[in-house]
Amino acid sequence: MNASDARRVEPIATEGPGLPPPRGPWKMLWLRLRKNRIAMTGGLILIFLYFISCFAGFLSPYDFNDVNTDTTRYGPMLLGGIAVEQVGTHLVEIENEDYEWVEVEKPEFEPRWEWFRGGLTFRDPEGRFTLRPHVHALREFVSYDEIGETTYYLASDPEVRIPIRFLPRQERAVEVASLFGFFKIKAKRKLFGVERPAEWAERGDDADLMHAEVFLLGSDQNGRDLMTRIFFGGQISMSVGLLGILISMTIGLVFGGVAGYYGGLTDFSMMRLTELLMAIPGLYLILTLRYVIPTKLDSRQTYLMIVGILALAGWASLGRVIRGMVLSLRENEYTLAARALGAGDRRVILRHVLPNTASFVIVTATLYVPYYILGEVALSFLGLGITEPDTSWGLLLKDAQNSQVLKYSPWLILPGFFIFFAVLAFNFLGDGLRDAADPRANLSKKKTA
Amino acid sequence: MLTFTIRRLLSIPPLLFGVALMTFLLLKAAPADYFSQMEFDPAKSRASVIDAKRAAGLIRPVSEKELSRLGAVNVNGASWQFEPGRVLKDGTEIENRIAAEELDSFELRGMRYSYDDRGQLYLRIGALEGFGRWLGKVLQGDFGRSFKFNQPVFELISERLLNTLTLSIAALILAWGTAIPLGVIAAVKPNSFWDHSSGFIAFFGLSIPSVFFALLMILFASYTGWFPIGDMRDTVNYDNFTFWGKIWDRLHHLVLPTIVIGTGAMAGYMRQARGNMIEALGQDYVRTARAKGLPREKVLFKHALRNAINPLVTLFGYSLAALLSGSFLVEVVMNWPGMARLVVDAIIAKDEPVVMASVMVSAVLLVFGNLFADLLLAVVDPRVRLS
Amino acid sequence: MSRLPIRSLLVLTLLLVALPVEGQRGRDYPEPSVDLDLPVGTPAPAFEGELPDPPLQQNRTGTYGGTLVYSILGEVETFNPVEPKGATSQELRALVFSGLVSYSNGHWQPAPLLAHKWDVSEDHRTWTFHLRRGVRFSDGRPLTIDDVEFSFRAIFHPQVPSSIRDGFRDEEGRYPTMSVDREAQTISFTTHDVDSQFLTHVGNVSIVPKHILGDHLQDENPTILEQMTSAADPSTIVGCGPFVLKSYAPAERVVYERNPHYWETDARGERLPYFDRIVIALIKDQNLQVQKFLAGEHDLLDTLPPDRYREAADAAKGDDAAFEVLTLGCSLNTNWVAFNLHPGTNPSTGKPFVAEEKQHWFQQLDFRRAVNHAIDRRGIVKSALEGRGRPIWASITPGNRNFYCKDVERYPHDLELAGKLLDDLGWKDTDGDGFREDDKGRKISFDLNTNVENNTRLQICNLLKNDLARVGIEVNFKAIDFNGLVTRLRDSHEWDMILLGWGSGVPADPSNSKNINRTSGRLHVWYPGQPQPSPIEWEREVDKLVGRLDRELDPAVRKEISDQIQIAVSRHIPILYLVASNQYSLGKKSIGNLWPSLLRPSVTWNIQELYRKGDPGTR
């Protein structure tokens, strides 16, 4: 964890015999960053997460809201499956088809998790080894306890295996790639999926209780594939940060730049505005703003508004820091020189002042992204963020917020790990960037070089 | 420094005015009010909802003069005309009670009118008018009564404010108390076991969503039995404890929430402390001091650490800002009877007096916190001149 | 317990699952038994004063002592009994205050309390209540008919915003007249109309001490509601209920102690209550509430959410478990969707509340029938309620033992029938996008709203969206906050389809829902503010029935009328009742005299009779 250890950054020779001419500052930044293993790990994690969210449609076997009331809460097939055994029968009172209450003998089952059995398998329906992955069929069981309360269990049928098909054809063109749910590309293929075997139709009533599904990371309480939900959720969770920082940074730059450069009354009034925003605790500001959003917007618009709110509550401090930087840059020799040469205000701000804040901007941006990701989680926990049927990691984690879920369907906390790693990765990368962009690192390097 | 302080103090009242105005307008911009939920209770009549709204100062009766100025209006396919003492529907006079039932509640030219069952018409008070009324009362020292609890807001806030401050300050102490030593050790011995493990804790605390962390802690408490499951003190026996027993009980309850809030905050400070220390250690005067042959400890603590801490003071000032609302999610999940919980509920339910009063309290605390941090910085760092 | 081979098991399950199972009805728990040999124990604090004349004896036995600990979800808004705002305040009110009449959740019928009897006149309009003599408030002062009169005057005071008063209003907005006979210690009320629910309304009024609140009922701007708030000094909260408030810590707990002057007695003539102390923890997060009970911190949990049943039932397995799950059967609370059938226009904008094409669809009975047949209620029960609930077809669920009607129209899940109904309307998918177009070529697509705070409702909405998509109807589901939703429902009327639920009051009487079924009712969601009399024929009929129900006292006739209302609504389905979940409570086995009931509060309604088995002094 030595990401910010400036002294470890290896000096890079910029002069000397046989070396290419000195590189630009961005190139230098990249070269230094590349040496930082932890930052690069963070970067790779981020690339992976952005990849799965962009290609969520193609990589996942379902659509993000394919509810199925028959296939709720099945465990992750990647790791195993669920088997049930009958533990007894009970005489329970239920209502029959004539709406009369009758006493009937009903079975009680108990589910059991089996590691690496009952889930993904490399045996074909006849039991021979094959390279094509198969999944077991799922079967419904209704269990009655001694007081007549019912519980639905799904269990794998060890005898029935279904092949996973690659690049299966879809009935309709579905989203295969998109940029955070906005620029959708549609096609009629997905990476993989399973089909309900046609021969099941001959099994009669029994077939109604059998299901062919592939839930690599398990299914949720509405019978949706968790992996699909997570991949699609990434479209929101991974973009909240980027969009949010983009908005707040833009406001902060414009505001800080103008205030710092012009000074005087402009500066005074602008700074009072930031103080006003900063004097209200962020959470209260976000919540009051949240209720102002019109309820008629569709989910995409609401999402954008939420990001906007998070950004609105977050830009003030950025603006103040940038103003401070601009204040000092304004008095720099090269700014004075530019002005002496007759450059207009806009040119001076855009060409000479703001570019010098670039390294600060990039580092801060990276380190601020987690604030938005975690902000979305907090809002979703309160039910004020992304709502069903849309999906985001915060929303998915909210569903796992009780002890029964943790006890009986622990795989539902997986989205929490995605949040954790995304935030971690941003911090790693941000730390590395800061080290790489640190002007003092430059200084010490020059001294040693 | 005195002129600086005075100038800052003078800027506070307009700032508070701005905060109040903005918060009030935002609250009013939402379509619903506190009594909307009451309207959905089948047991409550129109009259009782209207009475409650009027008592809360959200609506006011419309005078006959104002009524007749409305002229003829078209509601639900019929033309209505209000005249002093009577209502005309499509030109024929209609009983007030019937009119009330048929018209119920309607919107005209941006104003919302509602009838009670007695046939009296009310007008929803607009945002600016409402703010004027609120401000007028506040200037007389009356912050109003909570709609929900029907008691003066400050009575309501004060105790919970104390609870929240207890938790936040404990978390602050934990965060700073661990962040600085760990950061310094990590800086002095980079790449050591200490550096790596403190870095790990820091990143862990930074990356885990606090609601989830809090839930894990609750489960931890209920499986091991080592810590109480939520709460601020023992529910059943607290009153029977001795003085020390009470203190112990409170501390025992404080541990888990403090860890949840403190770890997240600690990470940022620790990285900052480490960075500053590394920077300070690289400075010329430290090298000079080392070269002079001063003992290592002395150099570390006297020269490097003092300089490394200065930027942290500013950060400390900002961390005061989170004192009041930073603990909110943990308060909910771990049942801490704090203020953030109260305020968030109030915002959601639109309990305006509570929201306004608590935002004002927070803003005051925040402004003074920042002022305090600036002054503190001037005291510890002689290079800073306040003007 | 050997594991059966899967194959043989299949045959078994096949037979059992094929049976159409609807679900449960209410489960009645027997009245607790009497054991005259139980040790009596010593009450601390001890009782003071004499018993009233005539005394009120309950057929219970128990042992004195100990502390009962349970939790409530929410916060105390006020301790003031004149206007107890939320459910929490109402529940807590019953600990400290009593009314003339009480309601026994165990028997589902009213019972005498401060009034030892009541008479009704021939025309059913004059009610006379006879007060027990010698009852004392918790501060030792006698409770007389003056206090009773004062309490009712407080309720009827025009400037006291009190929702309890609403019950007494008749349709013309008139209140009953009241007269007091100090000699006989009786109070009589004369209503303008016969009111079938009069006892309930009287029972809602808590008797408050005139010697404490007497000065606060001024003619102008009465300050009575500012007394006994949650900030009040506990010693000023004087009532005549089984307990007195001892201390209150906001958002933490409320502590009660036995009222030494309480006057009910048990089967042995010993005075109630048995518990010395009650501690109620105030909790905000439901997960934590369950968690704390399971960890053994609390003795009772009034409501266990259905999605936590499995965890609790597992923990209650075995003989050494400290608590048991009390299954109460089908809850009285409903979930429903309604269509906006409001034909009016918004006076501000001049646009119709519901767009013309949607109005065209929603008004078709066959469309609503098709939607009803398309909804897979059992699927909803299976996933959103984890199997613990049942489909319902009317506002009164099978849990209601007095008013459940099984002859309402049912619309079983039948995609083919739903499709056929839509086909017959001429609404078919003409452009191949999977959704139908109506006879004018407009895609059938509308919004569905629910409130975002309720997770189960969100799930149900999602399932509905899916169900309706299967018959070619596009539903755009969007959750908004509850207040915003109510604003839409009540003020702007701009919604298409909405999913919400009704909770049931105590008693669970259909008259309590008249605000819903009557066309002039405030919560006549599908078409509020109708011209009077209603232009819709069947609604006019329902209006008449609701009026009759209000004025009818004979239970058999009332059931008949209630059935007719439900059948009429189920035939015209402006509102589609969907599912009701099962209801559960948790209670420690060491608590005696538990008599759980579907009516809330389920386990604490007879709190003065509860006691701790064994040696109560241990806690």
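Residues numbered from 1 in each chain as written. Chains lettered and ligands numbered in written order. Predicted model: local features only at pLDDT ≥ 70, side-chain atom pairs only at ≥ 80, totals over all residues. Heavy atoms only, no water.

Give a description of the overall build of chain C that names residues and reports values.
Scanning chain C for helices and strands turns up 17 helices and 23 strands. When the backbone C-alpha atoms are referred to their principal axes, chain C occupies close to 85 × 70 × 45 Å. Residues classed as buried in chain C amount to 62% of the 619 residues present. When contacts within chain C are restricted to residue pairs at least 6 apart in sequence, those whose partners lie at least 24 apart make up 70%. Carbon and sulfur atoms form 48% of the exposed surface of chain C, whose accessible area is close to 21900 Å². Side-chain charges of chain C comprise 70 positive and 85 negative groups, with the mean position of each set lying 3 Å from the other. (Helix = DSSP H or I, 4+ residues; strand = E, 2+ residues; numbered from the N terminus. Buried < 20%, exposed > 50% of the residue type's maximum accessible area, 1.4 Å probe, protein only. Contact = heavy atoms within 4.5 Å. Areas by Shrake-Rupley, 256 points an atom, 1.4 Å probe, with all protein chains shown as cover. Lys, Arg positive; Asp, Glu negative; His and termini not counted. Charge placed at Lys NZ, Arg CZ, Asp CG, Glu CD.)

Give me the lowdown on the interface of chain B and chain C, citing residues and values where you can.
The interface is formed by 67 residues belonging to chain B together with 68 residues belonging to chain C. Here chain B meets chain C over a buried area of about 5700 Å², counting both sides, of which 48% is carbon and sulfur. The interface formed by chain B and chain C holds 7 salt bridges in total. Here C:Lys284 ties to B:Asp345 by a salt bridge, and the two come within 2.8 Å at their closest N and O atoms. Inspection of the chain B/chain C interface yields 13 residue pairs in polar contact (both at pLDDT 80 or more). If you tally residues by element for the side of chain B that touches chain C, the top one is helix 4 (residues 46-55) of chain B, at 5 residues. (Buried area = accessible area lost by both parts, 1.4 Å probe. Salt bridge = Lys/Arg side-chain N within 4 Å of Asp/Glu carboxyl O. Polar contact = N/O pair within 3.5 Å; in protein donor to acceptor, adjacent residues only side chain to side chain.)

Account for the interface of chain C and chain A, with residues named and values stated.
On the chain A side, the residues contacting the 63 residues of chain C number 69 residues. When the two sides are added together, the surface that chain C and chain A hide from each other amounts to roughly 5900 Å², 51% of it contributed by carbon and sulfur. Counting the contacts that link chain C with chain A gives 3 salt bridges. As a salt-bridge pair, A:Asp70 and C:Lys382 come within 2.7 Å of each other at their nearest N and O atoms. Connecting chain C to chain A are 21 residue pairs in polar contact (both at pLDDT 80 or more). Those elements that place two or more of their residues in the side of chain C that touches chain A are helix 1 (6-18), helix 7 (286-294), helix 8 (309-315), helix 11 (377-383), helix 13 (455-469), strand 18 (474-480) and strand 21 (579-588) of chain C. In terms of residue count, helix 1 of chain C provides more of the side of chain C that touches chain A than any other element does, 8 residues in total.

So what's going on with empty space enclosed by the protein? Which residues, and what values?
By volume, the largest cavity is sized at about 230 Å³. Lining the largest cavity we find 22 residues, and of these B:Glu39, B:Lys53, B:Ser105, B:Ser114 and C:Asp491 sit closest to its centre. Taken together, the elements giving at least two residues each to the lining of the largest cavity come down to helix 3 (36-39), helix 4 and strand 7 (111-115) of chain B together with helix 14 (482-492) of chain C. Tallied by class, the residues present in the lining of the largest cavity amount to 8 nonpolar, 4 polar and 10 charged. (1 Å grid on protein atoms, 1.4 Å probe; cavity = no way out; pocket = protein on both sides within 12 Å on 5 of 7 lines; lining within 4 Å. Points joined across faces, edges and corners; volume = space filled by probe spheres on them. Nonpolar A, V, L, I, M, F, W, Y, C, P; charged D, E, K, R; others polar.)

Would you mind going over the packing of aromatic side chains in detail, with residue names and values included?
For the structure on display, the rule yields 57 aromatic pairs over all chains. Relative to A:Phe232, the ring of A:Phe64 has its centre 5.5 Å away and its plane inclined at 45 degrees; by these criteria the two rings are tilted. With a gap of 168 residues between them, A:Phe64 in the loop between helix 3 (56-59) and strand 1 (80-95) and A:Phe232 in helix 4 (residues 226-262) connect regions that are remote in the sequence. Residue classification places A:Phe64 among the partly exposed residues on the basis of a relative accessible area of 23%. The class of A:Phe232 is buried, set by a relative accessible area of 4%. For the pair B:Phe243 and B:Trp244, a centre-to-centre distance of 5.2 Å together with 75 degrees between the ring planes defines the contact as edge-to-face. Judged by relative accessible area, B:Trp244 falls into the exposed class, the value being 64%. Taken together, the ring pairs in this structure connect C:Trp118, C:Trp127, C:Phe129, C:Phe152, C:Phe156, C:Phe168, C:Tyr175, C:Phe189 and C:Phe198 into an aromatic cluster. Between the NZ or CZ atom of B:Arg233 and the centre of the ring of B:Tyr238, over which it lies, the distance is 4.9 Å. The residue whose ring lies beneath B:Lys350 is A:Tyr291, and the NZ or CZ to ring-centre distance is 4.0 Å. (Phe/Tyr/Trp six-rings, centres within 6.5 Å; stacked < 30°, edge-to-face > 60°. Lys NZ or Arg CZ within 6 Å of the ring centre and 35° of its normal.)

An account of the pattern of salt bridges is needed here, citing residue identities and associated values.
Inspection of every chain in the model, using the stated rule, returns 56 salt bridges over all chains. A salt bridge links A:Asp124 to A:Arg128; the nearest nitrogen and oxygen atoms lie 3.4 Å apart. With relative accessibility at 51%, the residue A:Arg128 sits in the exposed group. Between C:Glu31 and C:Arg60 there is a salt bridge, with its nearest N and O atoms 3.2 Å apart.

Please set out helix 17 (residues 555-572) of chain C residue by residue, giving values where relevant.
One turn of an α-helix holds 3.6 residues; hence residues three or four places apart share an orientation. Residue and element names in this part refer to chain C. In this model, helix 17 (18 residues) spans 26 Å end to end at C-alpha, consistent with the 26 Å of a helix rising 1.5 Å per residue. The set of residues buried in helix 17 consists of Arg558, Ile561, Ser562, Asp563, Ile565, Gln566, Ile567, Ala568, Val569 and Ser570. Looking at the buried side of helix 17, the elements it contacts are helix 15 (514-517), helix 16 (537-551) and strand 20 (575-577). Of the residues flanking the start of helix 17, the one acting as N-cap is aspartate 554, its side-chain oxygen 3.1 Å from the backbone nitrogen of alanine 556. Note on helix 17: the residue one or two positions beyond its end, isoleucine 573, has a positive phi of about 30 degrees. (Expected span 1.5 Å × (residues − 1).)

Pulling in residues and values, what's your account of a positive patch on the surface?
Residue and element names in this part refer to chain A. Together, Arg169, Arg172, Lys188 and Arg189 make up a region of like positive charge exposed at the surface. Where the positive patch is concerned, the elements lending two or more residues are strand 7 (169-177) and strand 8 (185-189). Examined against the element boundaries, arginine 189 turns out to sit in strand 8. (Patch = residues over 30% accessible without salt bridge, like charges linked within 9 Å, V, L, I, M, F, W, Y side chains within 5 Å.)

So what's going on with unusual backbone geometry? Which residues, and what values?
If a residue is not glycine, its phi is most likely negative; likewise, a peptide bond is most likely trans. Residues and elements named next belong to chain C. Of note, the amide linkage connecting alanine 44 to proline 45 takes the cis form, showing an omega dihedral of 0 degrees. If you trace the backbone, proline 45 turns up in the loop between helix 1 and strand 1 (56-57). Of the consecutive residues valine 506 and proline 507, the connecting peptide bond is found in the cis state with omega at -5 degrees. Among the structural elements, proline 507 can be located in the loop between strand 19 (497-502) and helix 15. Phi is positive for asparagine 593, which is not a glycine, with a value near 65 degrees. With respect to the helices and strands, the residue asparagine 593 is situated in the loop between strand 22 (591-592) and strand 23 (611-612).

Mind laying out the nonpolar core, listing which residues take part and the relevant values?
Counting 176 residues, the largest nonpolar core has A:Tyr284, A:Trp393 and B:Trp134 as its most contacted members. Excluding anything up to four places from it in sequence, A:Trp393 contacts A:Leu49, A:Ile230, A:Gly233, A:Gly234, A:Ser237, A:Met238, A:Glu376, A:Pro415, A:Phe418, A:Ile419 and A:Ala422. Grouped together as the second largest cluster of nonpolar side chains are 80 residues, C:Val354, C:Ile380, C:Val546 and C:Val569 included. (Core = buried A, V, L, I, M, F, W, Y, C linked by side-chain atoms within 4.5 Å.)

Residues and numbers for the side chain of A:His134, please.
All names here are of chain A. Position of histidine 134 relative to the elements: it lies in strand 4 (residues 129-144). The exposure class of histidine 134 is buried, given its relative accessible area of 3%. Of the polar contacts made by the side chain of histidine 134, one reaches the backbone oxygen of arginine 132; its length is 2.8 Å. Not counting chain neighbours up to four residues away, the residues in contact with histidine 134 comprise Gly119, Leu120, Thr121, Arg123, Asp124, Pro125, Arg161, Ile162, Pro163 and Ile164.

Limitation: the analysis is restricted to geometry and does not speak to function.
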